[in-house]
Amino acid sequence: MAAILLRHSSEPGMLARDLVAWVLGTFVIPEMRILLVEDHPESRRALQRLIERRGHEVVAVGSAEEAEVELTKQSFPFLILDWMLPGKSGVELCRELRAASNGDEFFILLVTARDDTQDLEQALEAGANDYLTKPLDPARLNVRISVAERRVRALIERNQARAELQETVRKMTDILEKTSDGFFAVDRDWKFTFVNRQAEKLLDRRRQELIGKDFWIEFPEFTRDAFEENYRRAMSEQVAVKFEASDTSGQVWFELLAYPSGGGVSVFLRDVTDRKRVEEERLTTSKLESLGTLAGGIAHDLNNILTVISGNIGLAQIEAPGDSANLHSFLSMAGEAAQHAAQLSNQLLTFSKGGAPLKRVASISDLVTQAAEFSLHGSNLRAELDMPHDLWKAAVDTGQIEQVINALIINAREAMPSGGTVRVSANNVEIDANSGLPILAGRYVKVQVADAGGGVDARSATKIFDPYYTTKPSASGLGLSISYSVVKKHGGFLQLENTSPDGSTFAFYLPATDAEPQRSQPTLANEIFNFNHQRVLVMDDEAAIRDLTSELLGTLGYEVTAVPDGAEAVKTYEDAMRTGENFQAVILDATIRGGMGGVATIERLRDLDPNVTAIICSGYSDEAALAEFLTYGFRAALPKPFTRHELAHVLQRAFEAARAA
């Protein structure tokens, strides 16, 4: 909780105002509602998208008159005004808003193509807080929005503090008794004059024993370090002092606000031991996020390398003599190993950052069986599996669900260090609205992992899914918390279903589907080689990926043009349209070092050709555009590494989606 330092004042009500400053804590700032006034439709849409990516709500209009109508409907702390508008200009609207009674409650950013110093001075004189010149630079726009966010935050804090202060003055005595913070006051002779209920608990003394007694005699331990120094400073210098200090054991931390009052000192105190722990965890989280960024880069580069390996294995399989069974077998095993390496690469990223699930319909029975057997390999445990033949299917990210199974199996292994049996089962369940589970009513596949360990104690049972909570000295405390997050992102729920001295059972629920799993075909002889004269544009900043993708597409009968970045892709696509040699599909890498990536490129391509058939490709397993490619305008998604088979099918799916649209 952010505390507010208080000024000394002898006027009545000082105590209450100080109380408000203490109890308000950290303000919760809602998402910012922004009014965007821009008459050019395309510029308005582009600017709106940029701002909404920061999590703000944007209402976009095309004139000052429309803006005035919106301002009568709802409040907007932040306005972005184009200088030149049809009718009333942005400068005129800015000047009128500032002249209103609430004119100081807006942050106004003026957008202009005019960069003359006198014009900009005119904008500031009209009341604009800031300005931005066209063409807009997204990075500079982000800076301007950050400034506005701080300004709006300060405004909300000021208004909320004022309202809370007025309410607190009327209820001062009641709040002092009922506040969750401890409060006590001493006079100029350090005699206790007031102690509230919470202070009794924190000081472990009854108020009847303290009123009228000398503070330093009753609490000689406070004559050390921060306590005495700050208490005496508050009284002698007549200043408010906020500080933190621990008890003699160093295990319990207090946050204190001492300020002069009535010739003595009043003190608010609270136990912030949990907050200190959270701050330490936040620091650890920050380090983990940095590690996640590093892991993402490693996974991306590794997936690019694996794409080249997998692709060339596929090409080698085509070129290998048909009568060389051993060679085909070796290449097949190498391909499987490359795919397994890709799964490990994606696990690195998911464990570090918890990537968004890239779902496909799968057999949960097969998935759970394979994951359980893999997780128990080399351990002193054996699996007892119970999978009904009619188990429902579910749309899942198979790699992430495998990680969930792995985390639960590891938990079982730690619970049974001497070995034993882990029971893994699954069944179909119907969840109704009164189930008590935090999931929607419907059909689910329920998976259970049961061990025969010593159970989970009552205290740990309430914290077992908390990040970094662990009872094992060498464990990170992340396995179950990440598993909980993964299952939740799939629309399901993970829980400790029951525990006793005889063992524990974890269960998770996944939404079921009637769709059939997407199974790969052993060959594509009748499907692949019928795409002659269809042209595909490939964009990737890695020359090896461009060459490999071109080679693979060539074996599938496509004509391929490969470019290194988005700018070149847009130019090549436009030139092809101009000459009538249109591309039937484009494959865009999501991340281009030093250039325009896939998401930005498709926006430009859709301006040229609204019906462009585009496929997003990425080595980042948690790339948002992969999981939600339709939202970005893509017809399909292709995660790296990919095989010739996967490349062929993703193109087919993209063409089918384009025809359906």
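Residues numbered from 1 in each chain as written. Predicted model: local features only at pLDDT ≥ 70, side-chain atom pairs only at ≥ 80, totals over all residues. Heavy atoms only, no water.

1. Notes on the sheet that holds strand E18 (residues 534–539)
Right, so step 1: Across the sheet, which stays open at both edges, the five strands sit in the order E19-E18-E20-E21-E22 with parallel pairing between neighbours. Either end of the sheet is taken by a strand with one partner, and the two such strands are strand E19 (558–563) and strand E22 (636–639). Taken pair by pair, the neighbouring strands of this sheet meet at an average axis angle of 20°, ignoring direction.
Right, so step 2: As paired strands, E18 and strand E20 (residues 585–589) are joined by four bridges and run parallel to one another. In the sheet register, Val536 faces E20, and the bridge partner there is Ala585.
Right, so step 3: Those strands touched by helix H18 (residues 543–555) are E18, E19 and E20, and its axis lies near 170° from that of E19.
Right, so step 4: Its contacts with the sheet place helix H20 (residues 598–608) against E18, E20 and strand E21 (614–618), and it is angled at close to 150° to E20. (Pairing = 2+ DSSP bridges. Helix = DSSP H or I, 4+ residues; strand = E, 2+ residues; numbered from the N terminus. Axes fitted to C-alpha atoms, helices over the stretch in contact; angles between N-to-C directions. Contact = heavy atoms within 4.5 Å.)

2. What to know about H20
Right, so step 1: For H20, the full list of buried residues reads Gly598, Val599, Thr601, Ile602 and Leu605. The buried residues of H20 occupy an angular sector of 155° when the element is viewed end-on, so they sit on one face. (Buried < 20%, exposed > 50% of the residue type's maximum accessible area, 1.4 Å probe, protein only. Arc of directions from axis to C-beta.)

3. With respect to the nonpolar core
Right, so step 1: In this structure, Ile364, Val422 and Phe508 are the most contacted members of the largest nonpolar core, which totals 37 residues.
Right, so step 2: When residues of this core are traced back to their parent elements, those giving at least two are helix H14 (364–375), strand E13 (393–396), helix H15 (398–415), strand E14 (420–431), strand E15 (442–450), helix H17 (479–489), strand E16 (493–500) and strand E17 (503–513).
Right, so step 3: Among the elements that line this core, the one with the most residues is H15, at six residues.
Right, so step 4: The contacts of Phe508, once residues within four sequence positions are left out, are Val404, Ile405, Leu408, Val445, Lys446, Val447, Val487, Phe493 and Leu494.
Right, so step 5: Among the nonpolar cores identified, the runner-up in size contains 25 residues, and Leu210, Phe215, Ala245 and Phe254 belong to it. (Core = buried A, V, L, I, M, F, W, Y, C linked by side-chain atoms within 4.5 Å.)

4. What about H14?
Right, so step 1: Between its first and last C-alpha, H14 extends 16 Å over 12 residues, near the 16 Å set by a 1.5 Å rise per residue.
Right, so step 2: Considered for burial, the residues of H14 that qualify are Ile364, Ser365, Leu367, Val368, Thr369, Ala371, Ala372 and Ser375. (Expected span 1.5 Å × (residues − 1).)

5. Section: the packing of helix H19 (residues 566–579) against H20
Right, so step 1: Direction vectors running N to C along H19 and H20 enclose 15°, while the axes themselves pass 9 Å from each other. With respect to each other, H19 and H20 are oriented roughly parallel. Both H19 and H20 take part in a crossing whose hand is right-handed. Contact with H19, carried on its side by Gly566, Ala569, Val570, Tyr573, Glu574 and Met577, involves Thr601, Arg604, Leu605 and Leu608 of H20 and no other residues of that element.
Right, so step 2: Along the lines of polarity and charge, the residues of the contact of H19 with H20 split into six nonpolar, two polar and two charged. (Parallel < 35°, antiparallel > 145°, perpendicular 65-115°, else oblique. Left-handed = near helix turned anticlockwise from the far one by under 90°. Nonpolar A, V, L, I, M, F, W, Y, C, P; charged D, E, K, R; others polar.)

6. Points about a nonpolar patch on the surface
Right, so step 1: On the surface, Leu302, Ile305 and Ile309 cluster together into a nonpolar patch covering about 240 Å² of accessible area.
Right, so step 2: Ile305 gets classed as partly exposed once you look at its relative accessible area, which sits at 49%. (Patch = residues over 30% accessible without salt bridge, like charges linked within 9 Å, V, L, I, M, F, W, Y side chains within 5 Å. Areas by Shrake-Rupley, 256 points an atom, 1.4 Å probe, with all protein chains shown as cover. Salt bridge = Lys/Arg side-chain N within 4 Å of Asp/Glu carboxyl O.)

7. Considering the pattern of salt bridges
Right, so step 1: Under the definition given, this model contains 22 salt bridges.
Right, so step 2: Across the salt bridge formed by Lys134 and Glu38, the nearest N and O atoms sit 3.3 Å from each other. Of this pair, Lys134 sits in the loop between strand E5 (130–133) and helix H6 (138–170) while Glu38 sits in the loop between strand E1 (33–37) and helix H2 (41–52), placing them 96 residues apart in sequence.
Right, so step 3: You can call Lys134 partly exposed: its relative accessible area is 32%.
Right, so step 4: Across the pair Glu200 and Arg207 runs a salt bridge whose closest N-O atoms are separated by 3.6 Å.
Right, so step 5: Glu200 sits in the buried class, given a relative accessible area of 18%.

8. Details of unusual backbone geometry
Right, so step 1: The omega torsion of the bond from Lys134 to Pro135 falls at 0°, within 30 degrees of zero and hence cis.
Right, so step 2: When you line up the elements, Pro135 lands in the loop between E5 and H6.
Right, so step 3: Put simply, Lys640 and Pro641 share a cis peptide bond, and its omega is -5°.
Right, so step 4: With respect to the helices, strands and loops of the structure, Pro641 is situated in the loop between E22 and helix H22 (644–660).
Right, so step 5: Positive phi, normally seen in glycine, also occurs at Trp190, with a value near 65°.
Right, so step 6: Within the secondary structure layout, Trp190 lies in the loop between strand E6 (182–186) and strand E7 (192–195).
Right, so step 7: The buried category is assigned to Trp190, whose relative accessible area is 10%.
Right, so step 8: Of note in the backbone geometry, Asp204 takes a positive phi value of approximately 60° without being a glycine.

By themselves, these are just geometric observations and shouldn't be taken as functional.
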